[in-house]
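Letter by letter, the chains look like this.
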Amino acid sequence: MEVGIVGLPNVGKSTLFNALTNAGALAANYPFATIEPNVGVVAVPDRRLEQIRRLIETEKTVPALLKVVDIAGLVKGASTGEGLGNKFLSHIREVDAILHVVRCFSDGDVMHVDGKVDPQRDIETVETELMLADLESLEKTVDKQRRNARAGDKDAIASVEVIEKLLESLKLGKPLRSLAPWKPDDWKIIHNLGPITAKRVLYIANVDESDPHGQGPLVQVVRRRAESEGSVVVPVCAKLEAELAELTADDRTAMLADLGMTEPALETVAHEAYKLLGLQSYFTAGPKEIRAWTIPIGATAPQAAGVIHSDFEKGFIRAEIYNITDLLTHKNEAAIRAAGKLRSEGKTYIFQDGDIAHFLFNS
């Protein structure tokens, strides 16, 4: 799954990306330091992997992964080509969810593209450009679909009905995610259209080093905005997180303690992005490796097996399953089996977060 980092220029997007991925992307104090999107893969922090490793001997542990794309800064007029405009917007269409970085710090040495820090205005600038881009794209699409609908194309008729609802929302200045939840058939049409403002948003409030917990007034503005949308805000000092990412584990722990933090804020970002996408993890555990696998919430046993290999889903017979809570209680698989906690589940079983599974399948 893929998330895109968006925001105005000079709000700390590339610094955040560097901290998330430790990829060393260019982060500079001038607009459009990012020209092409930077792409990195982030390990989703999961302390349960270490809990499993302590009880099941293995050669390695492998975390779940999240793809992150750092998209160049948007400015007013981007939807009509201002700045580097539509080139950037096309990259946003390809991600599954958006991390919207909002500047919540004042620094005379880091210029603001509009001269003054104003989180509400900054959010609205980006949101407006994304809505205008969707409006333009959908108006072009609906004309073609209307022609097909007049010719009796049933799929086109259904598409026109959905697109007209989307256009009505955009013309009222409402992002398309405000219309969710959608009917399954409508969502298929929307998903194929790829509108940007239909994607869910996680707000990242980039705060000053003196306010790592995000208690300042600028962050409260972002929180109120997020609450009005049913969204979430994670306060992050991108500069501080970039420094933490470069430290050894012991030095990182010491620095976090000095800051009154128990974990880097980026762990919260990764977890919240995971939740934003409606994802959860299950595990496989054995002598070769312990691995976290990413699945949608509500995935069936064959679907869960399919993320390992498509043949596992096609040839699925059954899964032997216990939860990590069973492992922590009984300490090993033999004791779990003896306690009657090792279950044999078939094709209709819905996987739960923290399940540990062995699959049986026909090759």
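Since the structure is predicted, the reported quantities are computational estimates derived from the model, not experimental observations.

Draft legend 1. Molecular detail of the environment of Lys-171. Of note, Lys-171 is situated in helix H5 (residues 154-171). Through-space distance from the C-alpha of Lys-171 to that of Met-131 is 8.8 Å; in sequence the pair is 40 residues apart. Discounting chain neighbours no more than four positions away, the residues touching Lys-171 are Leu-135 and Glu-139.

Draft legend 2. Looking closely at unusual backbone geometry. The peptide bond linking Ala-180 to Pro-181 adopts the cis configuration, its omega dihedral lying at 5°. Inspection of the secondary structure assignment puts Pro-181 in the loop between H5 and helix H6 (184-193). Phi is positive for Asn-10, close to 65°, though the residue is something other than glycine.

Draft legend 3. Representation of the environment of Asn-38 in the model. By the secondary structure assignment, Asn-38 is in strand E2 (residues 38-43). Note on Asn-38: relative accessible area 23%, which makes it partly exposed. Sequence separation of Asn-38 and Leu-8 is 30 residues, and the distance between their C-alpha atoms is 16 Å.

Draft legend 4. Inspection of the pairing of strand E10 (residues 316-323) at higher detail. Both E10 and strand E12 (residues 355-361) contribute to a ladder of 7 bridges, which runs antiparallel. Within E12, the position partnered with Arg-318 by the bridge is Leu-360. When E10 meets strand E11 (residues 343-345), the two strands line up antiparallel, connected through 3 bridges. What sits directly across from Glu-320, in E11, is Ser-344.

Rules used in this analysis
Residues numbered from 1 in each chain as written. Predicted model: local features only at pLDDT ≥ 70, side-chain atom pairs only at ≥ 80, totals over all residues. Heavy atoms only, no water. Helix = DSSP H or I, 4+ residues; strand = E, 2+ residues; numbered from the N terminus. Contact = heavy atoms within 4.5 Å. Buried < 20%, exposed > 50% of the residue type's maximum accessible area, 1.4 Å probe, protein only. Pairing = 2+ DSSP bridges.

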